[in-house]
Amino acid sequence: MHISIADELKKRFHAACALRGLKMSQVVVEMIEQWLKANEPNSARELKEQDTAVN
């Protein structure tokens with residue numbers, strides 16, 4: 001995957017990851033997974049079904 005972001009944003013992201021001992025790719029994968037959980041149709045449907053079962 002190739003993305004274009006501003007140099008300053010990349011530098012800040014790189015620094016924040018480095019301070020935590022993480023690779024940027026690790027953090028990006030985690031963010032994508034979180035985004036998919038919130039936005040992927042199957043995930044949304046499963047959450048609704050769970051919510052309905054509890055109520």
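Rules of the game
- Every chain begins its residue count from 1, and numbering advances along the sequence as written.
- In keeping with the predicted nature of the model, local features appear solely for residues at pLDDT of at least 70, side-chain atom pairs appear and are counted solely at 80 or more, and the whole-chain, interface and lining totals rest on all residues.
- Calculation of side-chain values draws on the structure's entire complement of heavy atoms; hydrogens and water are dropped beforehand.
- Secondary structure counts use DSSP, requiring at least four H or I residues in a row for a helix and at least two E residues in a row for a strand, with both numbered from the N terminus.
- Whether a residue is buried, partly exposed or exposed follows from its accessible area with a 1.4 Å probe, protein chains only, as a fraction of its type maximum: under 20%, in between, or over 50%, in that order.
- Areas reported here follow the Shrake-Rupley algorithm with a probe of radius 1.4 Å; residue values treat only the protein chains shown as occluding.
- Each cavity reported here is a set of points on a 1 Å grid over the protein atoms alone in which a 1.4 Å probe fits but cannot get out, each pocket an open set with protein on both sides within 12 Å along at least five of seven lines, and each lining residue one with an atom within 4 Å of a point.
- Grid points are joined across faces, edges and corners, and a volume is the space filled by probe spheres set on the points.
- Amino acids outside the nonpolar list (Ala, Val, Leu, Ile, Met, Phe, Trp, Tyr, Cys, Pro) and the charged list (Asp, Glu, Lys, Arg) are all regarded as polar, and Gly is one of them.
- Throughout, an axis means a line fitted to C-alpha atoms (over the contacting stretch in the case of helices), and angles, computed between N-to-C directions, take values from 0 to 180 degrees.
- Any angle that is under 35 degrees is reported as roughly parallel, and any over 145 degrees as roughly antiparallel; angles of 65 to 115 degrees are reported as roughly perpendicular and all others as oblique.
- Whether two residues touch is decided by their heavy atoms; if any such pair falls within 4.5 Å, the residues are in contact.
- Expected span, for any helix, means 1.5 Å times one less than how many residues it has.
- As a per-residue measure, pLDDT reflects the predictor's confidence and takes values from 0 up to 100.
- Patch rule: a residue counts if its relative accessible area is over 30% and it has no salt bridge; like charges are joined within 9 Å, and nonpolar side chains (Val, Leu, Ile, Met, Phe, Trp, Tyr) within 5 Å.
- Any Lys or Arg side-chain nitrogen found within 4 Å of a carboxyl oxygen on Asp or Glu counts as a salt bridge.

## Some points on the overall build of the protein chain
The number of helices and strands found in the protein chain is three helices and zero strands. Going from the N terminus to the C terminus, the protein chain shows its helices and strands as α-α-α. Within the protein chain, buried positions represent 5% of all 55 residues. Counting every atom, the protein chain has about 5300 Å² of accessible surface; 56% of that belongs to carbon and sulfur.

## Regarding the layout of surface pockets
A volume near 280 Å³ is recorded for the largest pocket. Within the residue set of the lining of the largest pocket, elements represented by two or more residues are helix H1 (7-19) and helix H2 (24-39). With five residues, the top contributor of residues to the lining of the largest pocket is H2. When the residues that make up the lining of the largest pocket are grouped by side-chain class, the tally is nine nonpolar, one polar and one charged.

## So, the packing of H1 against H2
To describe two helices that pack against each other, one gives the angle between their axes and the distance between the axes. Their axes nearest at 9 Å, the elements H1 and H2 cross at an angle of 100 degrees. Put simply, H1 runs roughly perpendicular to H2. Counting all contacts with H1, which are made through Lys-10, Phe-13, His-14 and Cys-17, the residues of H2 involved are Met-24, Val-27, Val-28 and Met-31. The residue inventory of the contact of H1 with H2, partitioned by class, reads six nonpolar, one polar and one charged.

## Describing H1
Between its first and last C-alpha, H1 extends 18 Å over 13 residues, near the 18 Å set by a 1.5 Å rise per residue. One or two steps after H1, the chain reaches Gly-21, where phi turns positive at roughly 70 degrees.

## Some thoughts on the confidence of the model for the protein chain
Detailed reading of the predicted coordinates is not advisable wherever pLDDT is low. Scored by pLDDT, the protein chain comes out at a mean of 88, with 80% of its residues at no less than 70. Predicted confidence in the protein chain is weakest over helix H3 (residues 41-54), with a mean pLDDT of 68, and strongest over H1, with 98.

## Section: a nonpolar patch on the surface
On the surface, a cluster of nonpolar side chains totalling about 760 Å² of accessible area is made up of Met-1, Ile-3, Ile-5, Leu-9, Ile-32, Trp-35 and Leu-36. Here the nonpolar patch takes three residues from H2, the largest share from any one element. Locating Trp-35 in the fold gives a position in helix H2. For Trp-35, a relative accessible area of 54% puts it in the exposed group.

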